[in-house]
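# Structural characterization, general
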Amino acid sequence: MAKVSPTRIHVKLDDKTEAFELYPGSSNDDVRAILYSLASLSLDDKDVVFKLTKPDGTVVPPSPLLPGNTEKDPYVLSVKRATASPKDTNAQIASKLAPLELKLNDIAKQLEPLRDISAFREQLVSFQKRVEVAEKNLTMSQFPATKVTSKTIKRISKIDPIFTHQPKYVFTDETVAYLKQPSFNNWQWEENEMVALIEHMFSELGLIERFKIELPLLKRFLHTVKDNYNNNPFHNFRHCFCVTQMFYGIVNVTKIMDKVEPIDLLIGLVACIIHDIDHPGFNNAYQVNARTELATVYNDQSPLENHHCAVGFTIIRNKDCNIFKNLTDKEYDAARKGIVRCVLSTDLTKHGDIMAKFKVVADNFSFTDPEHRMQLLVMMVKCADISNEARPADVAEPWLDCLLEEYFAQSDREKAEGLPVAPFMDRDKVTKPGAQVGFIQFVMIPLFEHLARVLPQLEGDVIPQIRKSLAYYQELQQKMQKPM
Ligand SMILES: Nc1nc2c(ncn2[C@@H]2O[C@H](COP(=O)(O)O)[C@@H](O)[C@H]2O)c(=O)[nH]1
Ligand SMILES: [Mg+2]
Ligand SMILES: [Zn+2]
């Protein structure tokens, strides 16, 4: 009989590497059982997700066909507890609401002939309210709002994963030059590469040298930021990367680094990086209307933007991530004040005020005036934040799908909870051109045009690309409106 030789597999979990052998004929369940035992878990624990990655970060399926390896290049095992995604939870809420809704409809039908009798109406309203309150309590317990404490931070990236398991990224000259273009295509890069690209921006802008930023702290800061963005359809780490890259693109296209102070560049870049951190995927209107903990903590005043600042600075305060460690007190104060101002300015309800103020400053702009420079930074971060349509259509259009997916998830939940629904978020009312024409025409173009009064280079490629997007969506809108 031929000798049956097992495949020897080495797996690293936390700091320990263990080996096991897979014999031909092993099943998926066998592999699962081994991984459970390596992670000291009971097989009854169903809420666990295993991820196996090669040393280069490639994910491999935990199957009996795993190629063998050596102790020197073990697979890395990470274990996560599965939590319900907002989508799952929406489905759960919807399924719980369905019978209640049926019951309500039933009662409403029976009461129909008595519609004018106010006592019955009041009873119905009160019943409906009780259902809403019960459902809201259910929802709030499923979505506990994030408290702003150091425990808010999901994970401070350890030095190990950064230096031992992350491949060292070396970008080609072509990539380095492309990164400076506002037309950069984010979709080609995975998360760790985007982290490395942001690190490159710090270096290229001379910030590491000027502010003596220690590289391990910068790497850990960026990885921790990445880990604290949620997997929302739109407000995720990729959006953070795009906003940061557009800021960097504007800096390069306009050569503004020759006109502003290094601290201004640091403020703008870090503001972009943290500007949507830990976004829950539901906007300020939802936070206020649903009376969430975030809205309560921030007294309904830009709850999300305040939260992004608080989470961002909680990470910076951590000694392992403190990229501002070597700033002087004066520099730190300026950085903190500037970053908070930029992030709070991304709340679009402040848009009108910011534009009106900038109009005045733009007429008489002076790069030597710190307040003028600060307003310029605010405008640059705001532009970067809403800049998807300043990119080529194949880069921009998937972002619109992501935005609408997030909007629809919110409006579905608002409907389920009996909260007000904004028409621009309602899947029954929104079309893609409908979402873009007004936004590009009345928000994006005026914003970029205002900035271009101080940074005229934006008239070169950036603003024409936005106008092209507008024309595309206007045409699409006309086609959709034509009777068939
Ligand atoms: N209709 C569109 N709305 C957009 C688009 N890009 C951005 N936005 C809106 O702006 C805010 C930006 O703030 P954020 O900090 O939340 O990212 C975003 O929420 C959208 O409401 C767009 O292309 N079309
Ligand atoms: Mg935001
Ligand atoms: Zn944003």
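The rules behind each value
- Residues numbered from 1 in each chain as written.
- Chains lettered and ligands numbered in written order.
- Predicted model: local features only at pLDDT ≥ 70, side-chain atom pairs only at ≥ 80, totals over all residues.
- UniProt positions renumbered as here; feature names shortened; annotations may be inferred.
- Helix = DSSP H or I, 4+ residues; strand = E, 2+ residues; numbered from the N terminus.
- Buried ≥ 20, exposed ≤ 12 C-beta atoms within 10 Å, placed from the backbone.
- Contact = placed C-beta atoms within 7 Å.

As recorded by an unreviewed UniProt entry, the protein carries the name Phosphodiesterase and is attributed to Blastocladiella emersonii. The Sequence similarities (unreviewed entry) field of the UniProt record for the protein holds the comment "Belongs to the cyclic nucleotide phosphodiesterase family."

## Examining the UniProt feature "binding site: Zn(2+) 1" (unreviewed entry) in the protein
Residues annotated in UniProt with the feature "binding site: Zn(2+) 1" (unreviewed entry) correspond here to His239, His275, Asp276 and Asp385. A maximum C-alpha distance of 9.9 Å among these annotated residues, which run over 147 residues, shows that they cluster at one spot. If you trace the backbone, histidine 239 turns up in helix H9 (residues 237-254). Judged by C-beta crowding, with 22 C-beta atoms within 10 Å, histidine 239 ranks as buried. Ignoring anything within four residues of it in the chain, the contact list for histidine 239 reads Phe234 and Asp276. On the secondary structure map, aspartate 276 appears in the loop between helix H10 (262-274) and helix H11 (284-289). When sequence neighbours within four positions are dropped, the list of residues in contact with aspartate 276 reads His235, His239, Cys240 and His308.

## Focus on the environment of threonine 244
Examined against the element boundaries, threonine 244 turns out to sit in helix H9. Filtering out sequence-adjacent residues up to four positions away, threonine 244 remains in contact with Ile198, Met201, Leu269, Cys272 and Ile273.

## Some remarks on the UniProt feature "binding site: AMP" (unreviewed entry) in the protein
According to UniProt, the positions carrying the feature "binding site: AMP" (unreviewed entry) are His235, Asn236, Phe237, Arg238, His239, Asp276, Asp385 and Gln436. A maximum C-alpha distance of 22.7 Å is found for the annotated residues, which run over 202 residues; spatially they are spread out rather than grouped. Here arginine 238 lies in helix H9. Arginine 238 sits in the partly exposed class, given 19 other C-beta atoms within 10 Å. The exposure class assigned to glutamine 436 is buried, which follows from the 24 C-beta atoms found within 10 Å. Beyond its immediate stretch of four places on either side in the chain, glutamine 436 contacts Glu389, Leu400 and Tyr473.

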